[in-house]
Amino acid sequence: MRRNIVKLRFKTPLHVGTDEATVNNEASSRFIHSDTVFSCFLNSYCMLYGVEKTKEFIENCVKDKRGFVMTSAFPFSGDNYYVIMPVSIPPYFENPKFAHERWRYYKKVKEYSFIEIEHFIEFRDGKEVIPEDWGNQSNECCSEEIRPRVQIDRISSDAGLYHVGVVHFERDAGLYLLLEYDDRYISESCIRDTFKNAGIYGIGGLRSSGCGHFEADLLPFTEDFENLISGSDNVIYNGYISLSLVYPDLEAQDYYRPVAYNLCKREGWTYSSFENVIRKRGRLYFYSEGSVFEDKPKGCLYEYKDYKDTVHPYYRYGIGFYIPFKIVSDVGKEVDTDGKARVI
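Residues numbered from 1 in each chain as written. Predicted model: local features only at pLDDT ≥ 70, side-chain atom pairs only at ≥ 80, totals over all residues. Heavy atoms only, no water.

**Description of helix 3 (residues 117-124)**
Structural remark: α-helix, 3.6 residues per turn; residues separated by three or four positions point the same way. Across the eight residues that make up helix 3, a large majority, six, are buried. For helix 3, every residue scored as buried is listed here: I117, H119, F120, I121, F123 and R124. Positive backbone phi, at 85°, marks G126, one or two positions downstream of helix 3. (Buried < 20%, exposed > 50% of the residue type's maximum accessible area, 1.4 Å probe, protein only. Helix = DSSP H or I, 4+ residues; strand = E, 2+ residues; numbered from the N terminus.)

**Some remarks on a nonpolar patch on the surface**
On the surface, M47, I200 and Y201 cluster together into a nonpolar patch covering about 300 Å² of accessible area. Considering the arrangement of structural elements, one finds I200 in helix 4 (residues 188-201). Given the relative accessible area of 55%, I200 is considered exposed. (Patch = residues over 30% accessible without salt bridge, like charges linked within 9 Å, V, L, I, M, F, W, Y side chains within 5 Å. Areas by Shrake-Rupley, 256 points an atom, 1.4 Å probe, with all protein chains shown as cover. Salt bridge = Lys/Arg side-chain N within 4 Å of Asp/Glu carboxyl O.)

**Quick word on the packing of aromatic side chains**
Counting across every chain of the model gives 27 aromatic pairs. Centre to centre, the rings of F74 and Y176 are 6.3 Å apart; their planes meet at 70°, and the pair counts as edge-to-face. A residue pair is termed long-range when its members are at least 10 positions apart, and F74 in strand 4 (residues 74-77) and Y176 in strand 9 (residues 173-181) qualify at 102 residues. Y176 shares its class with F74; the two are buried. What links up through ring pairs into an aromatic cluster is the set F31, F74, F76, Y81, F114, Y176, F221 and F225. (Phe/Tyr/Trp six-rings, centres within 6.5 Å; stacked < 30°, edge-to-face > 60°.)

**Considerations on the pattern of salt bridges**
Taken as a whole, this structure holds 14 salt bridges when the rule is applied. Between D35 and R316 there is a salt bridge, with the nearest N and O atoms lying 2.8 Å from each other. Of the two residues, D35 sits in helix 1 (residues 34-63) while R316 sits in strand 17 (residues 315-319), which places them 281 residues apart along the sequence. Relative accessible area serves as the criterion here: at 1%, R316 is assigned to the buried category.

**Comments concerning helix 5 (residues 223-230)**
Residues F225, L228 and I229 constitute the buried set of helix 5. Axial view of helix 5: buried residues confined to an arc of 90°, hence all on one face. Tucked into the core, helix 5 has its buried residues touching strand 1 (2-10), strand 5 (80-84), helix 3, strand 9 and strand 18 (322-325). The first or second residue beyond helix 5 is G231, which carries a positive phi of 90°. (Arc of directions from axis to C-beta. Contact = heavy atoms within 4.5 Å.)

**Focus on unusual backbone geometry**
In the Ramachandran plot, S157 falls in the positive-phi region, its phi being about 65° despite a non-glycine side chain. Mapped onto the fold, S157 is located in the loop between strand 7 (142-152) and strand 8 (159-169). The class for S157 is exposed, based on a relative accessible area of 53%. Phi is positive for L206, which is not a glycine, with a value near 60°.

**Thoughts on the pairing of strand 5**
Taken across its five residues, strand 5 has four buried, putting it largely inside the fold. In this sheet, strand 5 lies alongside strand 4 in antiparallel orientation, the contact comprising two bridges. Looking across to strand 5, one finds that S77 is bridged to N80. Hairpin remark: strand 4 followed by strand 5, antiparallel, with two residues in the connecting loop; positive phi at G78, about 65°. Note: strand 5 against strand 6 (residues 114-116), three bridges, orientation antiparallel. If you follow V83 over to strand 6, its bridge partner there is I115. (Pairing = 2+ DSSP bridges.)

Written as structure tokens, this is what we have:
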């Protein structure tokens, strides 16, 4: 298996829709879910190599779910990489000496969406957690702008005002993702060319307004990322955390045991570079990034089988990308002022 870091350096603002939008105000996410990244990658791959080659690639992904896996795209700034905050509480909070202060720090920890990779490894390995030392550097990677826009009614020609959010990244900042793949199915040069082509056409929404265009750098794993994926030698892990969206393959009896998780609703629209049509995607619920499991659900490429008369099948990416994690033994317990735990 080969591994690479893909850094996306955005040349224009980015708009990625979220479920947090309100009436007449569409917000933008500061990271990109793995299913959106994969859709962008697959459309670009299809444009370069054709439908038949793409079908062969998809068949390999379905047959060997470890043959091509990717994370969601998280922020970076220079050489500082940020990782999604785990849903589970820090393993360090198991320490009885920390019992009286743990919930005060726990609320502070939950304020963070991303933390630097070195702090994440400390968090994951059960080392001391001091949120005050983390800062809030991931927010310094980008800034958000709310843009007014006008929609015109096709029948009455009435105008309506609404707003959309776009994200501007700093000069040496952007988003990155991790890839793990078998070079029997796809080569490094093919991945590089596919991301280069994808950057020309863009990712996310408002691409017709110039948003989402990027340049991609394909880099080898650093020592920090090798440690992140493989784990520390002196730590015993008893679980896994997902760095991508996960949709369990229920037909294949994909058994798993979630410990702490959030569900992410995914719907919207999809577009194919080989069909001049936009299709409505059915609503699906995924385990979100940062979800913690005792076992690894392999996940699957979900196929939309209700589309008729299409040139090719439509898929949604739900294969998990996991790293080892130390699960707290008393998840679901609360600590009294006397330091004793009680089940809640």
